[in-house]
Amino acid sequence: MNPLIDQFPTKVRIGNEILEVNSDFRNCLTIILAFEDEELTIIDKYEIMLARLFGKTLDYFKDNLEEAIKQGVKFLDCNKTFEEVEKRVYSFKKDAEFIYSAINITHHIDLNEIEYMHWWKFCIFFLDIDSDCTMSNIIYFRQKKNEGKLNSEERKLYLKNYKTLSLEYD
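The shown structure was predicted, so the numbers you read here are calculated from the model rather than taken from an experiment. (Residues numbered from 1 in each chain as written. Predicted model: local features only at pLDDT ≥ 70, side-chain atom pairs only at ≥ 80, totals over all residues. Heavy atoms only, no water.)

### Some points on the packing of aromatic side chains
Link 1 in the chain: Scanning the model with the defined rule gives 14 aromatic pairs in all.
Link 2 in the chain: With centroids separated by 5.2 Å and ring planes inclined at 15 degrees, the aromatic side chains of F25 and F122 adopt a geometry described as stacked. Pair noted here: F25 is in helix 1 (residues 25-36) and F122 is in helix 5 (residues 119-127), with a separation of 97 residues, a long-range link.
Link 3 in the chain: Taking the relative accessible area as the measure of exposure, F25 reaches 4% and is therefore buried.
Link 4 in the chain: What makes F122 buried here is its relative accessible area of 1%.
Link 5 in the chain: Here the aromatic rings of F54 and F61 are separated by 6.0 Å at their centres, their planes lie at 70 degrees, and the arrangement is edge-to-face. Both residues of the pair, F54 and F61, count as buried.
Link 6 in the chain: A connected cluster of aromatic rings, assembled from ring pairs, spans F25, Y90, F92, W119, F122 and F126.
Link 7 in the chain: The cationic tip of K56 hangs over the ring face of Y60; the distance from NZ or CZ to the ring centre is 4.6 Å. (Phe/Tyr/Trp six-rings, centres within 6.5 Å; stacked < 30°, edge-to-face > 60°. Helix = DSSP H or I, 4+ residues; strand = E, 2+ residues; numbered from the N terminus. Buried < 20%, exposed > 50% of the residue type's maximum accessible area, 1.4 Å probe, protein only. Lys NZ or Arg CZ within 6 Å of the ring centre and 35° of its normal.)

### Concerning the environment of F25
Link 1 in the chain: Sequence spacing of F25 and N2 is 23 residues, and the spatial spacing of their C-alpha atoms is 19 Å.
Link 2 in the chain: Filtering out sequence-adjacent residues up to four positions away, F25 remains in contact with L111, I114, M117, H118, W119 and F122. (Contact = heavy atoms within 4.5 Å.)

### Details of the pairing of strand 2 (residues 17-20)
Link 1 in the chain: Summarising the sheet, strand 1 (residues 11-14) and strand 2 pair through four bridges and their orientation is antiparallel. Pairing of K11 across the sheet is with E20, part of strand 2.
Link 2 in the chain: As consecutive antiparallel partners, strand 1 and strand 2 are separated by two residues, and within that stretch G15 has a phi angle of approximately 65 degrees, a positive value. (Pairing = 2+ DSSP bridges.)

Written out as C-alpha cells, the structure is:
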C-alpha cells in the first residue's frame, strides 16, 4: 500500500463477506488500549477488537474466527509485518499526553479538534514525530535501556526520570 497513490482501506474481506471497518484512530486506540489492559483475557481483547472494528461478535465469525482475528490485527498493524519486538518502547496509555503533543508539534494537528482520522494516517504521523519532541526522547531512552546501552550520564537521567521513562504503570 502506497499512501501517496492508494486510499486507506475501509473494508476487509473475511471469508466470502466484505465488511466495513471502523477505521477512526480513536476507535483503534481504544482497541489497542484493551490489548494493553492486563486485566482482560485474550478472548475479551479479541471480542473488543471484532466488535469495535467490524461491529460483530465472536459468535458471528464462528466459521471464520481465525481469519477475522488475523484481518483485525493486520488492519491495526497497518498491513505491515513486524518482527517480534522483545520490549515495547511506547504505550498509548502511559504516553498519551506525549504522543498527543508530539503529533501537534510535528504535524500541527490538534487531535482533539478533528472529527475523524484514519488509523493508518494517525500511525504515519506518530511514526514521523520530530526528534526534539519529548516522546522521541522517551523512545530513545527506552530503546537504549532495552539494548543495555545507556551510558552513565543517560543511566542517571533515566533513574531521575524513572516514572516517565519506564513503561511500568503507577
